[in-house]
Amino acid sequence: MNIYVPADSNVNRRSFFEALSDLLYNLRDTITWDNLIISGDFNYDMTRDIDSNKGLYKTSTQWLSILEIKFYNAMIHNEMQHIPTFQRTAGIVSTIDYIYLGHVITTRLVDNSLQYIHSNWSGHALLQITLKIGPAKIGPGLWRENDNLELRITPQTLWDGIKRRLLNNVLNRLKRNNFLRSKPPIATRIMILPRIDNMIEALQQELVEIAALKSGVNWREKCEKSAKYLKSIHQHRTAQQYMPDSIIADDVDDKSIGAYLNEVTPTSTLTEEESDLLTSPITLHELQTQASRLSSQSSPGSDGLGYSYLALLFLLRNLVRWL
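A few points on the structure. On a predicted model such as this, the values are computed, not experimentally measured, just so you know.

Thresholds applied
Residues numbered from 1 in each chain as written. Predicted model: local features only at pLDDT ≥ 70, side-chain atom pairs only at ≥ 80, totals over all residues. Heavy atoms only, no water. Helix = DSSP H or I, 4+ residues; strand = E, 2+ residues; numbered from the N terminus. Buried < 20%, exposed > 50% of the residue type's maximum accessible area, 1.4 Å probe, protein only. Patch = residues over 30% accessible without salt bridge, like charges linked within 9 Å, V, L, I, M, F, W, Y side chains within 5 Å. Areas by Shrake-Rupley, 256 points an atom, 1.4 Å probe, with all protein chains shown as cover. Salt bridge = Lys/Arg side-chain N within 4 Å of Asp/Glu carboxyl O. Lys, Arg positive; Asp, Glu negative; His and termini not counted. Charge placed at Lys NZ, Arg CZ, Asp CG, Glu CD. Phe/Tyr/Trp six-rings, centres within 6.5 Å; stacked < 30°, edge-to-face > 60°. Polar contact = N/O pair within 3.5 Å; in protein donor to acceptor, adjacent residues only side chain to side chain. Pairing = 2+ DSSP bridges. Axes fitted to C-alpha atoms, helices over the stretch in contact; angles between N-to-C directions. Contact = heavy atoms within 4.5 Å.

**Let's talk about unusual backbone geometry**
Then comes step 1: Backbone geometry at Asn43 places phi at a positive 60°, although glycine is not the residue there.
Then comes step 2: Secondary-structure assignment places Asn43 in the loop between strand S2 (37-41) and helix H2 (46-51).
Then comes step 3: Of the residues examined, Asn43 reaches a relative accessible area of 13% and is grouped as buried.
Then comes step 4: Residues other than glycine seldom take positive phi values, yet Glu79 does so here, at roughly 55°.

As structure tokens, then:
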């Protein structure tokens, strides 16, 4: 059950919870509470509005009793229950989004997460839980018993998995949740949190743009929006990728190639020092320097990673040690 509680007034909010509590009680013979998940925007902060005994008017005692007796706050897992889930500015944050689990479904809780979302997309964080449902006695899961069926993992699938792990490593290194869990003073939060959020937003925007380019829905490098222009660019690039059938290469013997090369006189040559520099192994410092200088508006390569994403990865010390 996903709910959105009115935020316009305390009276409407309290009426909503009373009506919802009555509905749950009336359906308790139809709906098994032990297997029920209640999530959404509750529009009250449990610590600030309820535990402080100042804000009971924002909900109802009947609703709180149902949650306390019959349900479990999934964000308590990994101690995330006090991390803000809504942010209007760095100085105005609150925990108003929740996921509550019935008693039976609580035993299947494996993990949870709370992820900051780009401020242009939503003021709410993304709350996620992982449940272990268990193996099915019958059904598609039995493919493992069939020797003729083989799970083929393509190189692209492996590479996508590596990118997902790198993304998780980037977000973990930013340690936004750890910072908020420490309950820093407002002045400290206003000073540090925007810098962390800007880095996360840049990464999320990069991934969204990459996904749009890979989907083929739009092709934009510098925010071009003209359909005619985009069509001409696509046709031009497609023509560059293929050689017309009318072009036929003539065979050339090795002697003719050697004779031609003997007539070529180089105007300049590399010194031994320059030659050693060009043939020496590429260093990590050179990769970091070039990655930081490349344009962030360039489209990604075949691996789906843009330059700004790569530059951010090179800042991670753990990743540097892997290289």
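**Digging into a negative patch on the surface**
Then comes step 1: A contiguous patch of negative charge, built from Glu272, Glu273, Glu274 and Asp276, is present on the exposed surface.
Then comes step 2: Relative to the helices and strands, Glu272 is located in helix H10 (residues 272-279).

**Details of the packing of aromatic side chains**
Then comes step 1: Going through the model one piece at a time under the given rule, you end up with 12 aromatic pairs.
Then comes step 2: Plain terms: the ring middles of Phe42 and Tyr100 are 5.9 Å apart, the flat faces sit at 15° to each other, and that makes the pair stacked. Taken as a pair, Phe42 in the loop between S2 and H2 and Tyr100 in strand S6 (residues 97-102) lie far apart in primary sequence, 58 residues in all. Tyr100 matches Phe42 in its accessibility class, with the two residues each being buried.
Then comes step 3: Aromatic ring contacts, followed pair by pair, group Phe16, Phe17, Phe42, Tyr44, Trp63, Tyr98 and Tyr100 into a single cluster.

**Observations concerning helix H9 (residues 254-262)**
Then comes step 1: For H9, the tally of buried residues reaches only 0 of 9 residues, placing the bulk of the element at the surface.
Then comes step 2: The backbone nitrogen of Lys255 has a side-chain oxygen 3.1 Å away, supplied by the residue at the start of H9, namely Asp253.

**Side note on the sheet that holds S2**
Then comes step 1: Overall, mixed pairing links the 4 strands, which are arranged S1-S2-S6-S3 in an open sheet. Two strands in the sheet have a free side with no partner beyond their single neighbour: strand S1 (2-4) and strand S3 (71-73). Averaged over all adjacent pairs, the angle separating strand axes in this sheet is 25°, with direction ignored.
Then comes step 2: The pairing of S2 with S6 spans 5 bridges and is antiparallel. Its bridge partner lying in S6, Asp41 is registered against Asp97.
Then comes step 3: Of the strands in this sheet, S1, S2, S3 and S6 are in contact with helix H3 (residues 61-70), which crosses S3 at around 85°.

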